[in-house]
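Observations on the three-dimensional arrangement
In case you want the letters, here they are:
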Amino acid sequence: MKLFRKNSFHCALPVFILLVCVYSNYVVFASYYEVLTCFQSSRDVNITTNYRTGYHFQPPKNWMNDPNAPMYYNGVYHLFYQYNPKGSTMNNIVWAHSVSKDLINWINLEPAIYPSKPFDKYGTWSGSATILPGNKPIILYTGVVDANMTQVQNYAVPANLSDPYLREWIKPDNNPLIVPDISINKTQFRDPTTAWMGKDGHWRIIIGSLRKKRGLAIMYRSKDFMRWIKAKHPLHSTANTGNWECPDFFPVSLQGTNGLDTSYNGKNVKYVLKNSLPVTVFEYYTIGTYDAKQERYIPDNTSVDGWKGLRLDYGIFYASKSFYDPSKDRRIVWGWSYESDGVPYNENNKGWAGIQAIPRKVWLDFSGKQLVQWPIEELKTLRKQNVQLSNKKLDKGEKIEVKGITASQADVEVTFSFSSLDKAETFDPNWDDLYAQDVCAIKGSTIQGGLGPFGLATLASQNLEEYTPVFFRVIKAQEKYKVLMCSDATRSTTQHHNATRKSSFAGYVDVDLVDKKLSLRSLIDNSVVESFGAGGKICITSRAYPTLAIHDKAHLFAFNNGTEIITIETLDAWSMDTPQIN
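Residues numbered from 1 in each chain as written. Predicted model: local features only at pLDDT ≥ 70, side-chain atom pairs only at ≥ 80, totals over all residues. Heavy atoms only, no water.

**Quick notes on the layout of surface pockets**
Of the volumes computed, that of the largest pocket is approximately 1400 Å³. Together, 45 residues line the largest pocket, and Lys480, Lys482, Tyr508, Val509 and Asp510 are the ones closest to its centre. Among the secondary structure elements, those contributing two or more residues to the lining of the largest pocket are strand E21 (310–311), strand E27 (371–375), strand E34 (481–488), strand E35 (504–509) and strand E38 (538–543). Top element by residues in the lining of the largest pocket is E35. It accounts for 4 residues. (1 Å grid on protein atoms, 1.4 Å probe; cavity = no way out; pocket = protein on both sides within 12 Å on 5 of 7 lines; lining within 4 Å. Points joined across faces, edges and corners; volume = space filled by probe spheres on them. Helix = DSSP H or I, 4+ residues; strand = E, 2+ residues; numbered from the N terminus.)

This is how it looks when you write it as structure tokens:
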């Protein structure tokens, strides 16, 4: 982890610092805070329910962040996550543990890992799970050993493999397994990945780190999973990216959508290297080749390696972790969506903070240039009332309300079409140095274009005093058309708390417009709008805290603010049930 710096376990005055940095006209928000043990207690708090999600995973109360070591074992899905059992700020962090048979309904168990030994006395941070030969799970995690934030890598194993839920985990005394040598920044050395086995029978992992401004994926090898040797060079590194957190490294098939085990050694495969960058608070990935002999990862020349590269999600989505699910032959990625309403210094503390995004199946696009992500199929079991629209035309400035569902807790799939690309606005050369979200902030959802903006106005009040629009603009560039997808929270609430972050998020979608269609799926859940454009080629997660569009006062509209007529070819919307979380 992480977006936020972990504190040591001592009492002092609480400190909060908000850093705002500007990089090439790009405003980067990096938040660090220290809320000390004496500030939080286990006392009961009033839980604000207005913004709690209905079908996204979150604990009953208190702070949560990174998903840790998700895995499928003996018919049960395990989710571990960073959790504060005593309050709603990032403090007192333990590994909470929940289990499920379907990734939808969950049973909360007692914490699996918590600070208790010299090798993790000051923190038990993120890690990953590996299934060893003999069907034996093992967790690698980062421990903090002193008040100077020195980080080491530890392991834990189940106390009883016959327990179907693996409730109890043991941290053996031969920890730590890996300590930073003199060449490593010992305070930026964390988040070991799931291990993979090479053709030589040796295990390998990578750990995120930093040397000056260069992000590093440091590789270690082991014959027995106990004695680890650092490779001569990192698996990969990139200049001027800042520290790498929560790295993920896994193979993807060039044929079809099925997932691959992390140790897959076959043909017709590419590799994905993902890292979380706390400087920008986004997650970046490249597609490339793994040279097992040279122990190097080489990004393809079509993958930008840096801040302008591909992102797993262009919104509030961080510290993700993927795992291979053998029961359905798929790879699933899970990410954390943090609060943007001013926690922890909001005087009206909600009593909780953080949610997990919906688990996503992930695979390589047929082009081989990017990933595709889509909500797991099990999510459909929560669909209830359904409404449909088809062949509805939207003229310039027109909107249609989608009625008959619970608009505050819904799943919406829509396909838009248009008859011509002729009215697409021209790409402004001044946008060359801007990020997509900057262009979205300039243009917005109400500024008339040619082909767009059109899309969905989610979590909307009746008269649109509040709404979070998710929409497309088609822009004509020199060589081809660019599709800009935005999720804009700038009008999501009428409250004016200075700490509330109301941001525009956006990305360009690599999509062929030969059929003149664009699809959108949005998962709306009280304070989150998780959207998938063009069949999952782009994902944007926004957080919203409306004061008017709450529960049954929320509305959903389809709109067109471009001059080109847009047709809603099909629209399916469902109210979503709330799963069981015990």
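**What to know about the sheet that holds strand E7 (residues 123–132)**
In space, the 4 strands of this open sheet follow the order E7-E8-E9-E10, with antiparallel pairing throughout. This sheet does not close on itself; its edge strands, each paired only once, are E7 and strand E10 (169–170). Pairing geometry for E7 and strand E8 (residues 136–144), over 8 bridges, is antiparallel. Following the sheet pairing, Ala129 is matched in E8 by Ile139. (Pairing = 2+ DSSP bridges.)

**Structural notes on the confidence of the model for the protein chain**
Of the residues in the protein chain, 90% have a pLDDT of 70 or more, and the chain-wide mean is 90. Scored below 50 in pLDDT, residues 3–44 shows 111 contacts in the model against residues more than four places distant or in partner chains. (pLDDT = per-residue confidence, 0-100. Contact = heavy atoms within 4.5 Å.)

**Re empty space enclosed by the protein**
Once rolled over the atoms, a probe with the size of a water molecule shows which space is left empty. Applying the stated criterion across every chain, the model contains 6 cavities of 30 Å³ or more. Here the largest cavity is characterised by a volume of approximately 100 Å³. Taken together, 14 residues make up the lining of the largest cavity; nearest its centre are Asn275, Tyr284, Thr286, Asp305 and Gly306. Mapped onto the lining of the largest cavity, the elements with two or more residues apiece are strand E16 (236–238), strand E18 (269–277) and strand E19 (282–291). When grouped by side-chain class, the residues that make up the lining of the largest cavity number 7 nonpolar, 6 polar and 1 charged. As a volume, the second largest cavity reaches approximately 80 Å³. Around the second largest cavity sit Tyr55, His56, Phe57, Leu103, Ile104, Trp106, Trp334, Ala357, Ile358, Pro359, Leu379 and Pro579, which together line it. Of the residues contributing to the lining of the second largest cavity, the split by class is 11 nonpolar, 1 polar and no charged. (Nonpolar A, V, L, I, M, F, W, Y, C, P; charged D, E, K, R; others polar.)

**Regarding the sheet that holds strand E3 (residues 62–73)**
Read across the open sheet, the 5 strands follow the order E6-E5-E4-E3-E24; overall the sheet is mixed. Of all the strands in the sheet, the pair left with one neighbour each is strand E6 (107–113) and strand E24 (352–353). Here E3 pairs with E24 via 2 bridges, running parallel. Of the residues in E24, the one forming a bridge with Trp63 is Ala353.

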